[in-house]
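Topology and contacts: notes
Below are the chains, spelled out letter by letter.
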Amino acid sequence: MGVIIEPFRIKTVEPLRFTTRAERERALAKAGYNVFKLRAHDVTIDLLTDSGTGAMSAAQWGALMQGDESYAGSRSFERFDSVVRDLTGFKHVIPTHQGRAAERILFHSTLQPGDVVINNIHFDTTRANVEYEGAEARDLVMPEGRLPAFIHPFKGNMHLEALESVLRGEEGARVAMVMLTVTNNSGGGQPVSLENIRAVRALCDRYGKAFFLDACRFAENAWFIKQREAGQHNRSPKEIAQEMFSLADGCLMSAKKDGLANIGGFLAMNDDALAQKCRNLLILTEGFPTYGGLAGYDLEAIAQGLVEVVDENYLRYRIRSIEYLAEKFLAMGIPIVQPAGGHAVYVDAAALLPHIPALQYPGIALVNSLYLEGGIRSCEIGTVMFGLHPDGHETAAGMELVRLAIPRRLYTQSHIDYVVEIAAAVKEISWALKGYRIVSAPPVLRHFTAEFEPLRARAVPVDVS
Ligand SMILES: *Cc1c(COP(=O)(O)O)cnc(C)c1O
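Residues numbered from 1 in each chain as written. Predicted model: local features only at pLDDT ≥ 70, side-chain atom pairs only at ≥ 80, totals over all residues. Heavy atoms only, no water.

Structural notes on the sheet that holds strand E11 (residues 379–381)
With respect to topology, three strands assemble into an open sheet ordered E9-E12-E11, the strand pairing being antiparallel. In this open sheet, the two edge strands, each paired with only one partner strand, are strand E9 (344–348) and E11. Averaged over all pairs of adjacent strands, the angle between their axes in this sheet comes to 30 degrees, without regard to strand direction. Pairing geometry for E11 and strand E12 (residues 401–405), over three bridges, is antiparallel. (Pairing = 2+ DSSP bridges. Helix = DSSP H or I, 4+ residues; strand = E, 2+ residues; numbered from the N terminus. Axes fitted to C-alpha atoms, helices over the stretch in contact; angles between N-to-C directions.)

Right under this line is the structure:
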């Protein structure tokens, strides 16, 4: 098969900054041992998120200059609208400044207090926007989707029996909408099969429910379908994506992911009356319906990005580059969520650092060690993010993960090889890593701003002889 190379060459470069160990120690202490509080300037390889952090193509930068900044009816909106309609088939396309604005507008226009929204797993902003309307966000991913080491080709699939039993039961009337997040970001970037999307559509038809896709990573999902689902191998990613969208009544999109843009999003749907309601709300808080909080040049960049993202060479490289990092981690015995997701590798920090109790935050210990050893920034998805309850008590999260999210088209294979080398160094000293305690934290979304202190007592190495 041969080596899969980056399907681009580089026209513009931005220098990386290298730091000394002493500089990193100072920077991390100053940040309260929370990498969210580091200056990006002090980070060498930034794998905090894949959202809005990718590189745009020459064609996208060229398109920026063609942005039509007319307040109403701009040419850039026409291009954006026609690209999104060609891809999704939805009748109404409503631009927004990013994905969460589309969420707020859709949910405020459709939900009543007491309603239920069902999803494979709600992304955190999606959940927060559902709950803000007084509705319940319920996650019904297949049970295998919650087991880090369990290998399954479509771990993002909806648990169909569980969905049907809710729709058929006495709660059925409260279900306002069914959603599928493709790929399932909060479940490790795992894909959903076409067969599962079709089955969810059929259940929504039977019980008269609206069905929306959270489509942020639709192209990565389409690529997994092409590779893994029977009968799909000869179709293009775009054809597969078109079928995915054709099965839904509408979608929410953050263009910061598979839009290959640095900002933007949209809401799209077939229902005329709902679209009218959403546009009315859009005008109130985002802007006129032909720009929705974006500049004309943003609409141009997104329209071009949506064309590039379904390119087979791009997707083959994109998915392979994540898998490459996952294979290296597995080969050196670093436990990860398997199989590799579409946009990130998730390390099982609890399994790597068994001597650090959950309430001493093994995820933070790993994140901070990756930074100290090599200036790599990653993200804890564990007890700091999910362990604090509204009544103030704290429990261990279900999984202690550390996510290394790979920005699109930004880093080369040697950057990833460097990440592997640093991870190997961290693994060598992992037995000696210490836990942390929280010095200060806000009551909600504490992971962004909490400050920590390393615990002094050195862990005793576990005798494995
Ligand atoms: C990023 C994301 C969102 C929210 O989009 P923003 O552009 O960050 O507001 C919603 N759902 C999923 C699955 C996402 O990954």
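A word on the site of the ligand
Around the ligand sit 15 residues in total, of which Arg100, Asp214, Arg217, Ser254 and Lys257 are the nearest. At 2.9 Å from an oxygen atom of the ligand is found a main-chain nitrogen or oxygen belonging to Gly99. A distance of 3.0 Å separates an oxygen atom of the ligand from a polar side-chain atom of Asn185. Burial of the ligand by the surrounding chains reaches 97%, relative to a free accessible area of 380 Å². Per-element tally for the shell around the ligand: the top contributor is helix H4 (residues 99–110), with three residues. The class makeup of the residues in the shell around the ligand is two nonpolar, seven polar and six charged. (Near = heavy atom within 4 Å. Polar contact = N/O pair within 3.5 Å; in protein donor to acceptor, adjacent residues only side chain to side chain. Areas by Shrake-Rupley, 256 points an atom, 1.4 Å probe, with all protein chains shown as cover. Nonpolar A, V, L, I, M, F, W, Y, C, P; charged D, E, K, R; others polar.)

With respect to the pairing of strand E6 (residues 210–214)
The side chains of a regular strand alternate, first on one face of the sheet and then on the other. Buried residues dominate E6, accounting for four of its five residues. Handedness of the crossover joining strand E5 (residues 175–181) and E6 through helix H7 (residues 194–207): right-handed. (Buried < 20%, exposed > 50% of the residue type's maximum accessible area, 1.4 Å probe, protein only. Right-handed = clockwise from strand over helix to strand, strands pointing away.)

A word on the packing of aromatic side chains
Under the definition given, this model contains twelve aromatic pairs. Centre to centre, the rings of Phe218 and Phe245 are 5.5 Å apart; their planes meet at 55 degrees, and the pair counts as tilted. Of this pair, Phe218 sits in helix H8 (residues 218–228) while Phe245 is found in helix H9 (residues 237–246), placing the two residues 27 residues apart along the sequence. With respect to class, Phe218 is no different from Phe245; both count as buried. For the ring pair Tyr361 and Phe452, a centre distance of 6.0 Å and an interplane angle of 70 degrees mean the geometry is edge-to-face. Here the residue Tyr361 occupies a position in the loop between helix H13 (349–352) and helix H14 (362–374), and Phe452 occupies one in strand E14 (residues 451–454), the gap between them amounting to 91 residues. Residue classification places Phe452 among the buried residues on the basis of a relative accessible area of 4%. The structure contains a cluster of three or more aromatic residues connected by ring pairs, namely Tyr33, Tyr361, Tyr436 and Phe452. (Phe/Tyr/Trp six-rings, centres within 6.5 Å; stacked < 30°, edge-to-face > 60°.)

A short note on the sheet that holds strand E4 (residues 136–139)
An order of E2-E8-E7-E6-E5-E3-E4 is seen for the seven strands of this open sheet, with the pairing classed as mixed. Taken across any chain shown, the strands that pair with only one partner, and hence form the sheet edges, are strand E2 (92–96) and E4. Averaged over all neighbouring strand pairs, the angle between strand axes comes to 20 degrees, with direction disregarded. Relative to E6, E5 is paired through five bridges, and the arrangement is parallel. By the bridge assignment for E6, Leu180 is matched with Leu213.

Some thoughts on the side chain of Asp115
The topology assignment puts Asp115 in the loop between H4 and strand E3 (116–119). Those residues in contact with Asp115, other than ones at most four positions away along the chain, are Thr110, Ala135, Glu136, Arg174 and Ala176. (Contact = heavy atoms within 4.5 Å.)

Considerations on unusual backbone geometry
With an omega of -20 degrees, the peptide bond between Val182 and Thr183 qualifies as cis. With respect to the helices, strands and loops of the structure, Thr183 is situated in the loop between E5 and H7. Note that the residue after Gln338, namely Pro339, is joined by a cis bond; omega there is -10 degrees. Along the polypeptide, Pro339 turns up in the loop between helix H12 (312–331) and E9. One non-glycine residue, Tyr361, lies in the positive phi region at around 55 degrees. Note on Tyr361: relative accessible area 3%, which makes it buried.

What about the domain arrangement of the protein chain?
Partitioning the protein chain into structural domains gives domain 1 (21–50 + 311–454) and domain 2 (58–308). The C-alpha centroid of domain 2 is placed 27 Å from the C-alpha centroid of domain 1. In this complex, domain 1 contributes 22 residues to the contact, which on the side of domain 2 involves 29 residues. In total, domain 1 and domain 2 occlude about 2,100 Å² of area from one another, counting both sides; carbon and sulfur atoms represent 56% of this. Taken together, the connections running from domain 1 to domain 2 amount to six salt bridges. For Asp50, the salt bridge identified is with Arg217, shortest N-O distance 3.1 Å. Viewed at the interface, domain 2 and domain 1 are joined by 13 residue pairs in polar contact (both at pLDDT 80 or more). For the side of domain 1 that touches domain 2, the elements supplying multiple residues, two or more each, are H12 and E9. With six residues, the top contributor of residues to the side of domain 1 that touches domain 2 is H12. Residues of the side of domain 1 that touches domain 2, tallied by class, amount to nine nonpolar, four polar and nine charged. (Domains from an automatic or database assignment. Buried area = accessible area lost by both parts, 1.4 Å probe. Salt bridge = Lys/Arg side-chain N within 4 Å of Asp/Glu carboxyl O.)

Considerations on helix H10 (residues 272–285)
Across its 14 residues, H10 extends 20 Å between first and last C-alpha, which sits within 8% of the 20 Å expected from 1.5 Å per residue. What H10 keeps buried is the set Leu274, Ala275, Cys278, Arg279, Leu281 and Leu282. Projection of H10 onto a plane perpendicular to its axis shows the buried side chains occupying an angular sector of 165 degrees, all on one side. For H10, exposure combined with an orientation more than 90 degrees from the buried face picks out Ala273 and Leu284. For H10, the secondary structure elements touched by its buried residues are E2, H4, E6 and strand E8 (265–269). N-cap assignment for H10: the residue whose side-chain oxygen lies 2.9 Å from the backbone N of Ala273 is Asp271. Positive phi shows up at Gly287, right after H10, with a value of about 150 degrees. (Expected span 1.5 Å × (residues − 1). Arc of directions from axis to C-beta.)

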